[in-house]
Amino acid sequence: MPEDSNAVEPLINDQFAGEPSKRALSYIQSKREKGRHVIGTYCGFAPLELIRAMGAVPAVLCAFSNKMIDAAESVLPSNLCPLIKSSYGFIISDACPFFGVSEAVVAETTCDGKKKMFELITDRRPMFVMDLPQMPDNAEARRNWAQVIRNLKSFFEATFSVRIEESSIEDAIRDSNMKNKALEEIFGYSAMKPSYLRWTEIYDLTFLAQPSTYADMKTVLDDCLLKLETRKKRGLAIAGDKSPRVLITGCPVGGDALKVYRAVEESGGVIVAIDNCTGFKAFMGMIEEGTGDPVMALSERYMDLHCSCMSPNNRRLSKLDELIEKYRPDMVIDVILHACHSYNIESFRVREHMKAKHGLPFLKIETDYSESDVKQIKTRVQALIELME
């Protein structure tokens, strides 16, 4: 019999247990105290390697708390995406520490709500809005996107009086590739059957990995791999062999929206793959090295992100196929934030694909950051999991 998995040593040992946002903020503040610039970002399309190439640190500005929704609704419509309202509410209330330490903001035109919200905060920090092409298979779109990244480079150089060398961008690309490779190895312990990696640990690692370089994370990542291998050797699986395995996809999930993840766990399921911007997505794949044009290499990598703002978004289905082959889920849950129309509409294609190609049970959950639907979500998740019994 396996040993008690509740006695497993945490993957990350520090004073921020269970507080991934505080851990990330501590890292960013430590760099700021050493004279590093901090650049705020919103979506996964901001090329973090360009930020690191100028010696700066990225800070994710998306908020996931219901706390500041009322403040935001003094300006924004109530039927807007909760992520946008939360992010804006924290800013106008001067309550967002990540925005507080940011000296400039990179904003990406991933949706209409964010575009208009950016207009409301443009006077608060120097801001560069990346005009994101949304037809990734179009060659002209890819060329235009590369030019947008070059323009962002010029914005950084002018704003901070620096020069970003191509060699520095290449170094940052190599650093990201090493980090992604290490994270993929760690995530592989979730792919095992039974799984040895908790969803909370995936969430903690991805939250810290967003601002951090591989050089700064190497010790943490190496330690995680050692602990995971120990768990495997001792049979310390996080759930039994027959626990239903769940793949989560859809909108970014964090903070108060983690109620969906908890519902899965409390219902006896085990989350083995997280296909969200707050999960695997930002760390999947490698950026081509040694091309002679590192900006174009960044363009190619970021244009391939399978966000629902892209059309057609066949890449999302292909990436899900890869995840299903590797992580072997028994079911798929698609989490949709209220008023996120692109993910909501796309959910139909995802459901049909799961049914036709993989024969997997599928559940779409529409939610926000409030607690009003916690019981309903758990009831629906339990009903899905009961299908596997």
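Sequence order sets the numbering: in each chain, residues are counted from 1 along the sequence as written. Side-chain atom pairs in this predicted model are given and counted only at pLDDT of 80 or more, local residue features only at pLDDT of at least 70, and totals for whole chains, interfaces and linings cover all residues. Processing note: side-chain calculations cover all non-hydrogen atoms of the structure and skip hydrogens and water entirely.

Participant: Is there a simple way to explain helix H6 (residues 112–121) in this structure?
Facilitator: Within an α-helix, residues lying three or four positions from one another point in the same direction, as the helix has 3.6 residues per turn. The rule is simple: take the accessible area with a 1.4 Å probe, protein chains only, and divide by the maximum for that residue type; under 20% is buried, over 50% is exposed, in between is partly exposed. A run of H or I in DSSP counts as a helix once it spans at least four residues, and a run of E counts as a strand once it spans at least two, with each numbered from the N terminus. Of the positions making up H6, those classed as buried are Gly113, Lys114, Met117, Phe118 and Ile121. Along the axis of H6, the buried residues cluster in a sector spanning 135°; they form a single face. Any pair of residues with heavy atoms lying within 4.5 Å of one another is described as a contacting pair. Close packing links the buried residues of H6 with helix H4 (82–92), helix H5 (97–101), strand E3 (104–108) and strand E4 (127–130). Picture the helix axis, draw a direction to every C-beta atom, and the arc is the one those directions span.

Participant: What exactly am I supposed to notice about the nonpolar core here?
Facilitator: Considering soluble globular proteins, one finds that nonpolar side chains tend to be buried as a cluster. Working definition of a nonpolar core: buried Ala, Val, Leu, Ile, Met, Phe, Trp, Tyr and Cys residues. They are joined through side-chain atoms within 4.5 Å. Ranked by size, the top nonpolar core spans 133 residues in total, and within it Tyr42, Phe156 and Ile333 carry the most contacts. Sorting elements by how many residues they give to this core places helix H8 (residues 166–191) first, with eight residues. In this structure Ile333 touches Val246, Leu247, Ile248, Thr249, Val260, Val264, Leu363, Ile365, Val381 and Leu384, once residues within four positions along its chain are discounted.

Participant: Would you explain the pairing of strand E5 (residues 245–250) in this entry?
Facilitator: Remember that side chains alternate between the two faces of the sheet whenever the strand is regular. Among the six residues that make up E5, six are buried, leaving the element largely enclosed by the rest of the structure. Burial of the side chains of E5 extends over both faces: Arg245, Leu247 and Thr249 are buried on one face and Val246, Ile248 and Gly250 on the other. Between any two strands, at least two bridges found by DSSP are needed for them to pair. As paired strands, E5 and strand E6 (residues 270–275) are joined by five bridges and run parallel to one another. Bridging across to E6, Ile248 finds its partner in Ile274.

Participant: Would you mind going over the side chain of Ser267 with me for this structure?
Facilitator: Here Ser267 shows up in the loop between helix H11 (259–266) and E6. With a relative accessible area of 15%, Ser267 lands in the buried category. With residues up to four places along the chain from it excluded, the contact list for Ser267 reads Lys378, Val381, Gln382 and Ile385.

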